[in-house]
Amino acid sequence: MPLAVIRASAGSGKTFQLAVSFIRILLKGELEGIPRNPAAILATTFTRAAAGEILDRVLRLLSEAALSDERRENLAKQIGTPLSPQHCHRLLANLAAHMDRLAISTMDAFFAQIAKAFASGLGLAPDWTMAVDEGEEELLRETLHAILGREDLQSVAEALWTFRRGVVSSMLGALADLAPNLDRTIAANEPPAAFARPEVRRWSQDELATATKTLAASADWIPRTKAGTAVKLWEDALDKMRAALTAGEEATALLEVPLTLRIFHDADYSKHPIPSALADAVKPLLARACDALQRRHTAREAALCWLAHHYKNHRREAAFRAGAYTFGDVAAMVTAAALQCDDLYFRLGTRFEHVLFDEFQDTSRLQFHFFHPIIEEIGGGGGEVLVVGDEKQAIYGWRGGDRELMHGPLDDLGKQIGSTAARILSESFRSSRAVLNAVNRTFQSLAGEWLDEKHPDKQPIEAAGREWAATFPEHKPATDVEKLRGRVRVILAPAGEGADAQDKNRALITKTLEFVRAHLAEDAHRKIGILLRKKNLMPQLIAEIRRAHPEVDVSGEGGNPLTDSRAIEVILCLLAWLDHPGSTAARHLVLASPLAAAFGFSAAVRAENPVSADERHALRFLRRELLERGFAATLRKWIRHPAFSAAGSDHDVQRCEQLLDVAREFDARGPMRPSDFAAHVRKRRIERPGGSGVRVMTIHASKGLEFEAVILLELDAAQGGRGDVILSEPGQPPRIVPSKKDAPFLGMEEIVGAQVSADFMEELSVLYVGMTRARSFLDIILREGSKAPLAILLRCALQVDADRVVEEFDGLSMRECDEAKGRGGLKLDQPDPGMADASAPRSTKVIAAFAARAGHATPTGRSEGGMVNVTKILVPANRAAMRRGELIHAWLRQISWIEEGLPDAATLVKSTADLTTELSRAERANLAKRLIGEALKSGTELHRALTKPARANGEENILWRERAFAVLRESEKRLEVLSGSFDRVVLWRDAKGNALRAEIVDFKTDRFSSAEDRTQIEARYAPQLAAYRDALSVLCPDLDQRCITASLVFVSA
Amino acid sequence: MRVFLPWTSPLLPAVAARMIAECPAESSFSRDADLSGWLLVVRGGSAQRRLLAALAMAAQRAGRALIPPRIVMQGSLDDAIFASDASVAGLLAQRLAWTVAVQRVEPERIGKIWTMPGGRGGIANLASVLDRTWRALSTAGVDFTGAFSELAKIAPDSAEFEQERWDSLQYLLDEYRAVLGEWGLTDPSARRARLAATSRASAELRVALIGVVELPPELILLLRTVPAKPLIFIHAPESEADGFDEWGRLDAPFWAKRPCRFSDGEIHVVRGVREQAARCADLIRDWKKAGLTGAGITIAVPESAAISALLGGLADAHIEARSAEGLSASRTAALQLLAQVADFLDRPGGAPPTYTSVAALARHPDLAAIARGSTGRLDEYFNAHLPLRIDPEQPAPGSNEERIAEFLTRLKSFAEIRNAHFSDDVTRLLLRIYKHHQLPRASDAGRALHGALSAVRATLDEFERLPRQSLAELPVAELLRILVEIAGQTEIPEPEQPDAVELAGWLEAASDDAPALIVTSVVEGALPEGAPAEPLLLDSLRERLGLPCRASRFARDKYTLHTVCMSRREHGRIALLAPRRTAEGLPARPSRLLLGAQDGNDLARRLISLTTEPHTPNVPIHAAAGLVPPEPDPEKMRAFRTFSVTSFRSYIRSPRLFYFKNILRLGAQDDSADELEPGPFGTAIHAVLQRFGEHHLNAQGVDDPAAIEAEVKIFLDEYMQREFGPHALPPVRAQSRALAARLSVFAKHQAALFAEGWQIASVEKKRSLVVPFPIPGGPQDVKLKGRIDRIDWHPDGKWRVIDYKTSSQGVTPDKAHFGARSGEWKDLQLPLYVKLLPELGDIPGGPISSDAVALVYFNLPPKDEDAGITEAFSAEKIPVAWEKAQQIVAEICSGAGCREIGEVADNEDPAFLALCGLNGLPTTTEED
Ligand code: SF4
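Residues numbered from 1 in each chain as written. Chains lettered and ligands numbered in written order. Predicted model: local features only at pLDDT ≥ 70, side-chain atom pairs only at ≥ 80, totals over all residues. Heavy atoms only, no water.

Here we look at the overall build of chain B
Across its full length, chain B holds 35 helices and 23 strands. Against the compact-globule benchmark of 30 Å for 928 residues, chain B has a radius of gyration of 38 Å, which places it well outside the compact range. Counting over 928 residues, chain B shows a buried share of 55%. Counting only contacts in chain B whose residues sit at least 6 apart along the sequence, the fraction spanning at least 24 positions is 77%. As displayed, chain B has an accessible area near 37000 Å², and 51% of this comes from carbon and sulfur atoms. One finds the centroid of the 104 positive side-chain charges in chain B at a distance of 4 Å from the centroid of its 122 negative side-chain charges. (Helix = DSSP H or I, 4+ residues; strand = E, 2+ residues; numbered from the N terminus. Rg over C-alpha atoms; globule rule 2.2 N^0.38 Å. Buried < 20%, exposed > 50% of the residue type's maximum accessible area, 1.4 Å probe, protein only. Contact = heavy atoms within 4.5 Å. Areas by Shrake-Rupley, 256 points an atom, 1.4 Å probe, with all protein chains shown as cover. Lys, Arg positive; Asp, Glu negative; His and termini not counted. Charge placed at Lys NZ, Arg CZ, Asp CG, Glu CD.)

The structure is reproduced here in structure tokens:
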């Protein structure tokens, strides 16, 4: 059966299951004698770490099975077929051969890969890259600026104001808030027309006439008490109604009056039936008000559509211009395109035959749609489809994750391609039985009734609870953790009379601090996770825990920003100041700190002094360093300065190292303003190596983590606050879920009810994830008297009326427990590969066949010291001179001795026809003529150089012209290759062939105006001539170095 | 002829010895070893240098005088076999021609190649992709039509779908060739094809390929034009002959199968890039103890992202190291300057330059003479006007705007570049900046400058060879960007360092035969390198065309790693580092290269060791105090005398912040605003209402809201036009609608006030009101200053001191001045206004008697219901407020104040937070 589903509860080892399934698929092929291509198994998950872990698991399970009988038997049991060492070997070899192609990746990376392959067709920018961090923000900014820069700004404003039901001070801010929703909204492709805000429906005098009269005569029909006085509540209600029903008032104001809803439902109000006079008078108006509300609601949906359409277009254009896309953009573009499986496989270079999904509950509808044809094809072709997920942990609904996929769609799929019964994993390898008991009690109690009769949402919430609990299996500890000690407490944080939100938070924090103190008193090294519902209490909590326990490392979600080190703050302020000289506060901080010296500020540059030339100079120097050397090199120089080690703490030093990591990452992205870098560092959270003792984070961020002790807070925090919920289905216009208050008047109670259910199910999942992070200890802090459903549920399920321990189990500590089961993995009788000794005995004297790297030098290079001559590099006039030099050298090479005759000018010019040159043919001919003239004219240097010297008897001279050389020599105790070419060498030998002496001539075409000038030029070339002499003496080892002369010959032509 | 040289020793010395030995001595008299007729082809730059050294050494050992051969890398084979040809288009001409071709072709056709949303925004990018694709494809010796017919063979199904795209590509290629033709140039591949088809190389030329294991088809054709059979040196024993073809190229399937074994001792599993650096340092220290010098050690770095961390780590261990990669010219100040100038010149339709480009230029360190300290002034300008494009029109004399306008004028004349004089103008611009730079050639900055300017010059030379009119088709900004792109590809070598360990890219390092080699990042994707990703050339197509592909890269890297190890096992040192994470910190996969030879239990053991997280000891850290923030200076406090009425609120909130902000007058500045922040938003409303007030001073106002609204909207428009103009950031334009909405709320309430008979008696003046504020028992010379938004008078003798409030929610004076529960003072502003009243001088209807005055807010939040005049501040609290103020002043002037940190808002500038010692606490306002 192709489709298999594993419902894996928290801590039940789902990575292990995935790895086993991966191996099973491969093994099946092996057993059938048709080895399978491991790259044809697509396995997707949600984080890169998880993807890496799955692969590691597969490799290790098989490797350990190959080496240990016990492990192999275990694995065989899991797989359900016998497994021989040879099988393991073959599978490993097969995996190793395909290592680069294994399709184990995150969903994001998979879509990015597709987007790369289809960039041209999908309309992604050529050479696009992934937008991360600032890139992502910049993209949003560009998009919003483009929307606000539209010609029809009026429409933008109207649409936005319609959606927001009022004018906003910052359209930019409002759009930015709305952006995630716009991103998720599926908009029409057709450009919508201009948007106009609908008129506000207001009452006119006329239409109110009847109602006004009736209300004025309320004394006639108002319900009365037994004593005969008008019921107070009714009087108030009628006052409100009168106010709502005045001419010029918005029609929808009527719907805000509590009495109206009772009229609408023909129900009693405060135990008195609605007088018919009132009902008759109000009902017609009520219908109109409903109509107005309906119009407003429809207009909001239209506004959303309008905005979403333009947002998407502008976003695509902005991304195309920037050549950068976020993972979200990429996924949206890929899932929106109807790609053919065949085309996909062809472009990716792999045809998928099996597919494994991890964390399926977090998959979105769109992603599912994308995978549907692939799954169908795989299922149809006999491939396997494994879905691992846990709807209990579906906490990403707000990000598009769709828990429903685990049910209907998956069932349908099963019917279509055939499926085996789902496996349910409920054995926890993580938590102590105390924790699991509390989990079981909490979620099993959802089956019954637990909410007060009067709770306004009793029905949808309890129904949601039952639905959620329907798939809840009883959790049991695996043998690994059977003996793990544990304790679960529920604590009620008191909120005194008239306490406001701040007081209540205060109470929570106080309680939390109390429990942290208690935990640390029990064990100073206990790893504690404080998990919250939202982020707003985090800074305060972190600050206070730090103050109370300075010895413990406390960090927030994903670690703190590096600015938790003061040294880093000083560096960042310097960077900001470099960019913004007006930031005198930053200047003060930098110059007043003992680190100032590290940045190169002299002692005279002080915070309290006015800005000096010294200071400006130092700043400019720093700016240039950053520009040319990049952040990493410059920051490293600062950090290694003694001032840092003198003033900074260990913590500062460690954080500075991490700053260097960030700097390196940024250098690779190209130049960037220092203040932008600083801003990034401030935002980015970076964990300190080794992790913290106490970590404060949201429950969402804790997914995938575990802690010895968990403190859960704010479970009763009012959820929502995420603004409007928008439902967006492919092929349908988006719908806005109305407020509970508006729902009946819009006839949309069902949708709202469904939303209440969906929200509560997600709440339950959040609670589940939070509770199951704990290994041994779980403390749940609730606000006293909280009416939030989760709080009620916990109080009811765990029977809490006051602070108490609800579960306790005395057993092994976490450390003892882990040691007992040997979490360390297979011990191999081989040395730790990381520690291998690479300098094992070998011939200590290396080399022989090798030479150490030699330096490289050229004679011309030797004369290139001094200053950079910018004019010489840039101005082409000098290049004409160079060309002239090149030509003259080329021609002189053709002349041996004047006595042996000179070529004519035409021959010379012709010989260098293929030399590129700025000189015209006529100029060249002229130059050649002049050169010949100079050579022939006695008295010139050139003439002398080219005239055959007299020879003594038996002597012979050899002439080298333009002879290249490369010699190896020792210079300053190291090897150096000296290579170049002699212009002209005359070598004298005696009759026996012994070298006698040599003359080296180097032609120069420099112009000079005075003897002084010439001396200077000669001095510059002196090292060059020395190099020629050196080279020649290596080439002719028998020649006495003193017999080598070298001279410059200036050619003036 | 193939010559096999065993891989148990390094290749180049063996080749050199052999070449020298076989070089005939012309006569017994001559000791010359004349190799000048030879052309030696090697794999990389370091092989080029090493081979020359090896030849020199071999010659000297043999006692012969070497005339060196030409040694080239395979890429320049055509110019080495045949003379170079001036009519061949260089990199720049090719790039330009593609850009022009893409511009010329109609958008529909471009759309067939690449779907482009919203116009031609990405066309420059497309040209660069096509340029690259074509250069890759052309080495296979086919054009797009040819490639398509191959594609159709491997994927007949998608052929139909793809046909249009490839036809269009071919069409563009023809256009590109036509453009080059117009410029009198030819495409280099066309030249190679022509040479291969029609020319013969000189009969004297001898060619040797040395360890060149990859050669594209195109170059093989070129080599066939050489009459003498090339000598092919292969670094492998003869027994491996099947692994190479007749040209010495690797046979990928052979190498995919051949086991290449690396021992456990050679492999070092480490955690991440920092640990790679640390392990390198450890190894080098050990090796040096065994007698090696830095010059004998090379580190191969397949992941270029790791270089910086490796260099840093080695420097920390005091090991001298040098990167062979050199400095990319694109990183130099000079090229960054040109890139910024390009942004400055990017002005579609003659629009003014963007603020960002001007701000970048103002910050460029080499432009100080032109910027003359404009950075701070630009920040100020930015925050005042929020410009998208910057264009101060008719600035007031002496104003900041005028200074900015002058700066712009200087910039414009500096950055004037004309298409027709492109090269001259760019040269002039660079000369102007750099002519007077006095930098030693040998310094880092000197080398960077020299390298950058030489690269620019070389690229400009190419520009100059193009016909003038060819440049007219592209905007100057585009030309400049292409100049920067091409010149930026140049690498400026680091100076040689005698004893430094050398870091080089993988293939470079592999061809460097230093006795000791560390290969870093032996993980999948780095080594072996991943498949080349070209959007238009799929791997299967590349493989079919004989271009580098996944299979060929694997073969190449496997063979190469094998030879570098084999040749060092006997007499050298080798270490392979296998990190668990890539240089980017992502989980890494074990390299196939380390798994290939293993089987059975060996493979299992190897995999376990490669997937085991190495133990890195955690150093426990104690959060020691470290740095302390600066303390307030009592002297400064004692000298402080003038207090603004609004500053008391700041002092009450945070005395320490007050010290830095009000006494030291420190400030924060940036240019990151995207729209009017609440401050300037309020300022805009204040400014408009001030004008409105002036217009209606002491007059019976009209009570028609519509008329008032119309009036203030005119003021608003004028204000927005004056302050922000047409080139402001788009969100500002949108905000003027929100401002208008607030003003219409104002109009409604103001009309009611007029109707009630209130008159405007006084409005805010430019100058602050200053009054003496003697402190009983303290300093007598203290002054109080402030401005009053507005004072209203009613004919029945009542007065109102009015403060406009533009925050999003309305608030009453009592709520603003007292803590909600504590009842403590939060602010003293309104009661202190009373002290300022005498300074107003004569007001019609005045003087204002302080018992008849009500201190009120005029709330102007977006919601109409919350707007309007508030109830008055409790009159009995006024004298108490004065006392409180005196108390605060006394505390400060005694030098005892300003210690307490109090409450500082999270969104305060980080420098202020740090000054108050509050840094490090994460501020969490983000959404989850
Ligand atoms: S280098 Fe220029 S900016 Fe720096 S102090 Fe000297 S003159 Fe002033």
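More follows now that the structure is in view.
Concerning the overall build of chain A
Summing up its helical and strand segments, chain A has 39 helices and 26 strands in all. Against the globule reference of 31 Å for 1053 residues, chain A gives a C-alpha radius of gyration of 42 Å, more extended than a compact globule. Counting all 1053 residues of chain A, 55% fall into the buried class. Within chain A, contacts between residues separated by at least 24 positions form 77% of all contacts whose residues are at least 6 apart in sequence. Put simply, chain A shows about 44700 Å² of open surface, and 52% of that area lies on carbon and sulfur atoms. Charged side chains of chain A number 138 positive and 143 negative; the gap between the two group centres comes to 4 Å.

Quick notes on the pattern of salt bridges
Counted according to the given criterion, the structure contains 135 salt bridges over all chains. A:Asp742 is the partner of A:Lys741 in a salt bridge, and the nearest nitrogen-oxygen pair spans 3.8 Å. Residue classification places A:Lys741 among the partly exposed residues on the basis of a relative accessible area of 45%. Residue A:Asp742 is classed as buried on the basis of its relative accessible area of 7%. Between B:Arg457 and B:Glu464 there is a salt bridge whose closest N-O contact spans 2.9 Å. Overall, B:Arg457 belongs to the buried group, its relative accessible area being 3%. Judged by relative accessible area, which is 36%, B:Glu464 ranks as partly exposed. (Salt bridge = Lys/Arg side-chain N within 4 Å of Asp/Glu carboxyl O.)

Quick word on the packing of aromatic side chains
Residues and elements named next belong to chain A. Scanning the model with the defined rule gives 57 aromatic pairs over all chains in all. With centroids separated by 6.3 Å and ring planes inclined at 75°, the aromatic side chains of Phe-965 and Tyr-1028 adopt a geometry described as edge-to-face. Of this pair, Phe-965 sits in strand S23 (residues 956–971) while Tyr-1028 sits in helix H39 (residues 1011–1035), placing them 63 residues apart in sequence. Each of the two residues, Phe-965 as well as Tyr-1028, counts as buried. (Phe/Tyr/Trp six-rings, centres within 6.5 Å; stacked < 30°, edge-to-face > 60°.)

Description of the sheet that holds strand S7 (residues 231–235) of chain B
All names here are of chain B. Reading across the sheet, the five strands line up as S1-S7-S6-S3-S5 and stay open at both edges, with parallel pairing between neighbours. Strands at the two margins of the open sheet, each flanked by one partner only, are strand S1 (2–5) and strand S5 (70–73). Taken over all neighbouring pairs, the strand axes of this sheet differ in orientation by 20° on average, direction set aside. The pairing of strand S3 (residues 38–42) with S5 spans four bridges and is parallel. For Leu-40, the partnering residue across the bridge sits in S5 and is Ile-71. Of the strands in this sheet, S1, S3, strand S6 (206–210) and S7 touch helix H1 (residues 11–22), which is tilted by about 125° from S1. (Pairing = 2+ DSSP bridges. Axes fitted to C-alpha atoms, helices over the stretch in contact; angles between N-to-C directions.)

Observations regarding the packing of helix H2 (residues 48–67) of chain A against helix H25 (residues 600–610) of chain B
One can describe the packing of H2(A) onto H25(B) by two numbers: an axis separation of 9 Å at closest approach and a directional angle of 135°. Overall, the two elements H2(A) and H25(B) adopt an arrangement that is oblique. For the element pair H2(A) and H25(B), the recorded crossing hand is left-handed. Across the interface between the two elements, A:Leu59, A:Arg60, A:Ser63, A:Glu64, A:Ala66 and A:Leu67 of H2(A) pack against B:Asn601, B:Ala604, B:Arg605, B:Leu607 and B:Ile608 of H25(B). Looking at the contact of H2(A) with H25(B) residue by residue, the classes come out as six nonpolar, two polar and three charged. (Parallel < 35°, antiparallel > 145°, perpendicular 65-115°, else oblique. Left-handed = near helix turned anticlockwise from the far one by under 90°. Nonpolar A, V, L, I, M, F, W, Y, C, P; charged D, E, K, R; others polar.)

Re the interface of chain A and chain B
Each partner contributes to the interface: chain A provides 167 residues, whereas chain B provides 181 residues. Summing the contributions of chain A and of chain B, the shared interface buries around 14900 Å²; its carbon and sulfur component is 57%. At the surface where chain A touches chain B, the tally comes to 13 salt bridges. Measuring nitrogen to oxygen at the nearest pair gives 2.5 Å for the salt bridge that ties B:Asp316 to A:Arg640. Between chain A and chain B we count 50 residue pairs in polar contact (both at pLDDT 80 or more) in total. Considering each element in turn, the side of chain A that touches chain B owes the most residues, 11 residues, to H2(A). Tallied by class, residues from the side of chain A that touches chain B come to 79 nonpolar, 41 polar and 47 charged. (Buried area = accessible area lost by both parts, 1.4 Å probe. Polar contact = N/O pair within 3.5 Å; in protein donor to acceptor, adjacent residues only side chain to side chain.)

Considering the pairing of strand S20 (residues 790–793) of chain B
Residue and element names in this part refer to chain B. Here four bridges tie strand S17 (residues 759–763) to S20, and the two strands are oriented antiparallel to one another. The residue bridging Gln-759 from the neighbouring strand is Trp-793, located in S20. Note: S20 against strand S21 (residues 799–805), four bridges, orientation antiparallel. Each residue of the ladder has a partner; that of Asp-792, found in S21, is Arg-800. Joining the antiparallel neighbours S20 and S21 is a turn of five residues, in which Gly-797 adopts a positive phi near 95°.

A few points about the sheet that holds strand S6 (residues 354–357) of chain A
Residues and elements named next belong to chain A. Spatially, the six strands line up as an open sheet ordered S3-S2-S6-S7-S1-S8, and their pairing is parallel. Edge positions in the sheet fall to strand S3 (103–106) and strand S8 (423–425), since each of these pairs with one other strand and no more. Neighbour to neighbour, the strand axes of the sheet diverge by 15° on average, direction disregarded. As paired elements, strand S2 (residues 41–45) and S3 share four bridges and run parallel to each other. Along S3, the bridge assignment pairs Thr-45 with Thr-106.

Here we look at unusual backbone geometry
In the segment running from B:Leu527 into B:Pro528, the intervening peptide bond is cis, with an omega of 0°. Checked against the element boundaries, B:Pro528 lands in the loop between strand S14 (516–519) and helix H23 (539–545). In this structure, A:Ser270 takes a positive phi of about 50° despite not being glycine. Mapped onto the secondary structure, A:Ser270 falls in the loop between helix H12 (258–264) and helix H13 (276–322).

A look at the environment of B:Lys636
Take B:Lys636: it is sitting in helix H26 (residues 634–638). Judged by its relative accessible area of 34%, B:Lys636 is partly exposed.

Description of helix H17 (residues 374–385) of chain B
Residue and element names in this part refer to chain B. In this model, H17 (12 residues) spans 16 Å end to end at C-alpha, consistent with the 16 Å of a helix rising 1.5 Å per residue. Here H17 lies mainly inside the structure; nine of its 12 residues are buried. Turning to H17, its buried residues are Ser-374, Thr-375, Gly-376, Arg-377, Leu-378, Asp-379, Tyr-381, Phe-382 and His-385. Just beyond H17, the residue with positive phi is Leu-386, at close to 45°. (Expected span 1.5 Å × (residues − 1).)

Any link to function would need more than the numbers given here.
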